[in-house]
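Notes for the structure review
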Amino acid sequence: MGHTSLEKLIRLQRKTSNIRNICILAHVDHGKTTLADCLVASNGIISTRLAGKLRYLDSREDEQVRGITMKSSAISLHYTAGESEYLINLIDSPGHVDFSSEVSTAVRLCDGAIVVVDAVEGVCPQTQAVLRQAWLENIRPVLVINKIDRLIIELKLSPQEAYTHLQKILEQVNAVTGALFTSKVLEERAVKEAEVQETISEPSIGELVYDWSAGLEETDDSHLYFSPDQGNVVFASAIDSWGFSIHQFAQIYCQKMGIRSEVLQKTLWGDFYLNAKAKKIMKGAQSKGKKPLFVQLVLDNIWSLYDAVVSRRDKEKVEKMVASLGLKVMARDLRHSDPKVLLSAICSQWLPVSQAVLLMVCEKLPSPSEISTERVERLMSVGTRRFDSLPEKTQELKQVFLDCMSEETAPVIVFVSKMFAVDSKALPQNRQRPLTQEEITQRRELARQRHAEKQVASQSSENPESANAGGAQTATSANSTNTDTDALCAQTEALTVKPTAEEEEKEHFIAFARVYSGVVRRGQRVFVLGPKYDPALALRTLPDGCSAADPLPSMPHLTCCTLEHLYLLMGRELEELEEVPAGNVLGIGGMEEFILKSATISTSPACPPFTPLNFEATPIVRVAIEPKHPSEMPKLVRGMRLLNQADPCAEVLIQETGEHVLVTAGEVHLQRCLDDLRERFAKIEISASKPIIPFRETVIRPPKVDMVNEEMGRQQKVAVIHQAKDEQSKYPEGVHVDSTGLVTLTTPNKMATVGIRAIPLPEEVTRLLEGNSELIRTMEQFSLFAREGKTLEISQKTLEEIQGFKTKLEGLLQGRKWRNAVERIWAFGPRRCGPNILLNNVEGYKRPSVWQCLEREKEKSEVVMLRDFDNSIVSGFQLATLSGPMCEEPLMGVCFSVECWEIRFSSQLTQQDSVEEDSVSQQALEADNNASAPASGESELRGTNAVEDTPSSGSGQSKRKGDTTDCYGPFSGQLIAAMKEACRYAFQAKPQRLMAAMYTCEIMATAEVLGRVYGVLSKREGRVLNEEMKEGTDMFIIRAVLPVAESFGFADEMRKRTSGLASPQLVFSHWEVISSDPFWVPTTEEEYLHFGEKADSTNQALKYMNAVRKRKGLYVEEKIVEHAEKQRTLSKNK
């Protein structure tokens, strides 16, 4: 096919039913970009000979060097199938786990996906991840089994073995899809059951019949699975330019064999064989030992072609094959020394991969107008709100989505999934334009004059005497020539507009977007909706029928802007457009001031913001960055701001220490971000610290065995108790720790005492709290609104989720010490939504529950007052959990139980500190929940021993700060500090442990390098979970866990040690307690023998803890010189 003109693509954009928005998804190195090259070559954009070698959509230099895709790139292709013409907006996405956020941005804009699977490696971890992402976004996938040439050349399988192997790969892919489908059906059934139970009254015990069916029997799932006879599978070798579907071979053989193509299409894949005598297709090939039809009619032909061209290089056989297929192969291809060139020349004509894939895309994947209702509702239901709870005007937009209308009256709805940076030279308006005939003539004249000048100058240097004689004459002529030349030069410069240096350096951002409704026009005024925008509030505030062009009152999370430039994305190039109809993917210029990473754009204020993107990878790798020259700090700050905007997954933070921190998803992602900072965004020399490894601190139950796995005897336990008594003397005045771990601490002014005990939370509870941080944040927000006398609307679905979360928590916190604990939860921390609990065990103090959002339906007659300085206790807990005593890292899985809280002071101080309560807690916590203290004058104090009631005074009383503040500062501040220190001492009274962040590591390796893989894993504290062999190959899959702290350089070392035969995929998984005690010293004889006197060489936890303390500038207890000997001076050596 020849090169498609821009005008044709613009014309095709208007026909929504013939548009296909698709992305290519796969594991790393499964051949996505090579396949994309073949599809791009079909449009004449690149040569078919370069397809697979050029990697056209990998436009970055580091992508070409590393050989992996790092960002999503889009290109528009034209395809003709019969009489219909299609516009295919193709997005190539990365396969490396570090860049899975780019996959999320691509999937959101598409209606269908091509899932590519390597025929040798089969389903890999990232294949499962991309199938899950496609499922979550409700987009339809088709399958391409790529690299089938590896089965012939590398594995040397026979056609029959290859057929069995391909069947297994299909089963693996369908198993992943089936698991996703099953979980969805079971979830829906659970929801229905809950609804039925609510509506129907409980039947009597005799009538109760339980339905054991899961609902899977009635649901039709046939359309979900990949099957060649359905036409949603293509078998291909993109590097050799061939690919086919069953449909193509059915068309070929229906004429030769006289069997209808529909019959062949159903029987070419499966347990069918050809009975040559009866000329019939019969079932039972496996049981009768016959060749399946797929092997006989399809694979045998491909195998014989490879045998003739690549293996034997039989020229006569090749010529016969070419003649029988009716192909024209150039003589230079036949003579070429590389057989792959000839193979590609034959296959690209016989079974072109682009033809097979694009036909499948057009027939099997939906157009933008076929978007499902379920997907629309999911896109529009942002956060915890259900679609039903949205305003009526917003719900009416659902039909606009479904119709995908391009009429003038239809509201414009656009979603921007990411911002990407382009060089100013790449923009169409800055591209060099072709010269006109007049400009060419002028430049020709200028060149002639300069040539004449050079000739005059050379003649004058050769004849100096004549030059002196006619000096005046020459000078005159030279002057006139120079004047003419200058005039021409000025004219030429005026014609070629040179951008200024500042413009050249400036990075331009293009919004990567899709139009869901309406027609987007250049210069149009639109609303940009932030992720927290509330259409209900906007519809109440803004006048009816308002547009972005009208002067409007300021609204939170709503801005107006003009669409300056619209672009057609063509891989490495951009083409300028005037308007883009619904259903198309486009680039929008000039949005960098209004959009950070992603946003929703609309002309209607009723449009809700789309649900945020689902990111598979969690940013975990942190580095501190500083410029080599401190004077260049402003450039670094600007560069990091641009990087934050250009990368969907990278995060940029400024820590309390003033460090500029970059957070990335992995080592490769980090390297790319640092290169971008140096070369594109900051353009300065920067130095990056060693990766900042996150840790967590926790407490555990007292261990029953010592470090040499011997059961701790009674003597050792007594020794530990004596050691604890000795440590009591180390505590400062006012702190008392008893043998059970209860810490009692008094404030410096002796007016308040708090008693705290630290209890380790069960591991399941910690995981539950970590996974439900959003629900805890919603509950906290509700409590804050309730204290301020406001109400926060929470959807029924969220309330059900909170109720489920509470039930699970009650189920996990069982036993005597946790009795009624869930109702007594005071707060969660750190940041009010973390995996630690503050428990209220103060006698006689009943405070409002954190679960009050579930209790709002109950009678509100009983009003529970907060005790004075309640917020100070919470603030102290938040500060304690934010930085623990071991190395100032956040706590995890710790419950602090407040056993006693006594306050004894005069009424004058009570009134003053009640006024100051909120401001102090706000400064200490830096949080928004500072309204938990009662009104300024009211205070109701209840303690375990002391109770003092103070009369209420008017809130209008104003007092000077110096009147009642003692030398220790405001009382609320003292209480915050006391609570924080009490929590820290209670933490130290229990066995302390560090928690390390862990990666799950999946490695594919051959048997010969298996030992080396285990060697690298064990060296880096890795733990192998399981190992299994892939059927039909010599590949092993090793699953292991590896600490993030040990992962830097792991992939490189693994590749070096295994000569590139094993490559790991690292994904952040969980937090794990490091079993060794960082403060442990050997006590028994066995421990001395096993670990030595110091026992610090093998203590991994101590090594990690000291490294973090050093980085933070904290005191580290270590000797710089361990075994110093007396220095021998020169005089003594004589």
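Structure first, text after, so check above.
Summarised in this report is the structure supplied together with it. (Residues numbered from 1 in each chain as written. Predicted model: local features only at pLDDT ≥ 70, side-chain atom pairs only at ≥ 80, totals over all residues. Heavy atoms only, no water.)

1. Details of the nonpolar core
Operational definition: Take the buried residues of types Ala, Val, Leu, Ile, Met, Phe, Trp, Tyr and Cys, join any two whose side-chain atoms come within 4.5 Å, and each joined set is a nonpolar core. Buried means the residue's accessible area, taken with a 1.4 Å probe over protein chains only, is under 20% of the maximum for its type, while exposed means over 50%, and partly exposed covers the values in between. Note on contacts: a residue pair qualifies if any of its non-hydrogen atoms lie within 4.5 Å across the two residues.
One finds Ile114, Ile588, Met591 and Leu662 to be the most contacted residues of the largest nonpolar core, which totals 107 residues. Excluding residues within four positions of it along the chain, Ile588 makes contact with Val414, Phe509, Ile510, Ala511, Ala513, Leu563, His565, Leu566 and Ile601. Counting 59 residues, the second-largest nonpolar core is a separate cluster that includes Val233, Phe294, Leu342 and Cys347.

2. Remarks on helix H28 (residues 870-882)
The condition that has to hold: Each helix is a run of DSSP H or I of at least 4 residues and each strand a run of E of at least 2, with the numbering of both proceeding from the N terminus. Every helix has an expected span of 1.5 Å times one less than the residues it contains.
Taking 1.5 Å of rise per residue, the 13 residues of H28 would be expected to cover 18 Å, and the 19 Å separating its terminal C-alpha atoms lies within 8% of that figure. A large share of H28 lies buried, amounting to 11 of its 13 residues. Taken together, the buried positions of H28 are occupied by Asp870, Asn871, Ser872, Ile873, Val874, Ser875, Gly876, Phe877, Gln878, Ala880 and Thr881.

3. Some points on helix H26 (residues 773-787)
With 15 residues, H26 extends 21 Å from end C-alpha to end C-alpha; this agrees with the ideal 21 Å at 1.5 Å per step. On the buried face of H26, the contacting elements are helix H25 (763-771), helix H27 (796-812) and strand E28 (825-829). With its phi angle positive at about 80°, Gly789 sits one or two positions after the end of H26.

4. Concerning the side chain of Asp98
The criterion, for reference: Polar contacts, as used here, are pairs of N or O atoms within 3.5 Å; protein pairs need one atom able to donate a hydrogen and one able to accept it. Residues neighboring in sequence count only if both atoms are side-chain atoms.
You can see Asp98 is positioned in the loop between strand E3 (84-92) and helix H4 (100-108). At 3.1 Å, the side chain of Asp98 forms a polar contact with the backbone nitrogen of Val668. In contact with Asp98, other than residues within four places in its own chain, are Ala665, Gly666, Glu667, Val668 and His669.

5. Observations concerning empty space enclosed by the protein
Using the following cut-off: Grid spacing is 1 Å over the protein atoms alone, the probe is 1.4 Å, and a cavity is where that probe fits but cannot get out, while a pocket is an open set with protein on both sides within 12 Å along at least five of seven lines and lining residues have an atom within 4 Å of a point. Grid points are joined across faces, edges and corners, and a volume is the space filled by probe spheres set on the points. Classification used: nonpolar for Ala, Val, Leu, Ile, Met, Phe, Trp, Tyr, Cys and Pro, charged for Asp, Glu, Lys and Arg, polar for all others including Gly.
For the structure shown, the criterion picks out five cavities of 30 Å³ or more. Considering the residues around the second largest cavity, the lining is formed by Val120, Glu121, Gly122, His165, Lys168, Ile169, Gln172, Lys1030 and Glu1031. When its residues are assigned to classes, the lining of the second largest cavity shows two nonpolar, three polar and four charged.

6. Some thoughts on the sheet that holds strand E23 (residues 686-688)
We apply this condition: Between any two strands, at least two bridges found by DSSP are needed for them to pair. Axis definition: a line fit to C-alpha positions, over the contact stretch in the case of helices; interaxial angles, taken between N-to-C directions, run 0 to 180 degrees.
A sheet is described by the order of its strands in space; here four strands give the open sequence E21-E22-E20-E23, paired in antiparallel fashion. Every interior strand has two partners, whereas the edge strands, strand E21 (651-654) and E23, have only one. This sheet shows a mean twist of 30° between the axes of neighbouring strands, independent of strand direction. Bridge count between strand E20 (residues 621-627) and E23: three bridges; the pairing is antiparallel. By the bridge assignment, Glu626 is partnered in E23 with Ser687. The strands touched by helix H22 (residues 633-646) within the sheet are E20, E21, strand E22 (660-664) and E23, with E22 carrying the most contacts at an inclination of about 25°. Along the sheet, helix H23 (residues 667-681) makes contact with E20, E22 and E23, crossing E22 at roughly 135°.

7. Quick look at the side chain of Glu889
For Glu889, the location among the structural elements is in the loop between H28 and strand E30 (894-903). A polar side-chain atom of Glu889 sits 2.7 Å from a polar atom in the side chain of Lys1112.

8. Quick notes on the packing of H26 against H27
Operational definition: In what follows, roughly perpendicular refers to angles from 65 to 115 degrees, roughly parallel to angles under 35, roughly antiparallel to angles over 145, and oblique to any angle outside these ranges.
It is the contact of H26 with H27, at a shortest axis distance of 10 Å, that shows an interaxial angle of 110°. Overall, the two elements H26 and H27 adopt an arrangement that is roughly perpendicular. Contacts from Leu775, Ile776, Thr778 and Met779 of H26 reach H27 at Thr798, Glu801, Ile802 and Phe805. Taken together, the residues that form the contact of H26 with H27 break down as five nonpolar, two polar and one charged.

9. A few points about the packing of aromatic side chains
How we decide: Pairing of aromatic side chains here covers Phe, Tyr and the six-membered ring of Trp, requires ring centres within 6.5 Å, and sorts the geometry by plane angle: under 30 degrees stacked, over 60 edge-to-face, intermediate tilted.
Taken as a whole and judged by the stated rule, the model has 25 aromatic pairs. Considering the side-chain rings of Phe401 and Tyr516, the 5.8 Å spacing of their centres and the 50° angle between planes classify their relative orientation as tilted. Here Phe401, found in helix H16 (residues 392-403), pairs with Tyr516, found in strand E11 (residues 507-517); they are 115 residues apart in sequence, far enough to count as distant. Overall, the relative accessible area of 2% leaves Tyr516 in the buried class. Each ring, one from Tyr845 and one from Trp901, has its centre 6.0 Å from the other, and the planes form 70°; the classification is edge-to-face. Of this pair, Tyr845 sits in the loop between strand E29 (836-840) and H28 while Trp901 is found in strand E30, placing the two residues 56 residues apart along the sequence.

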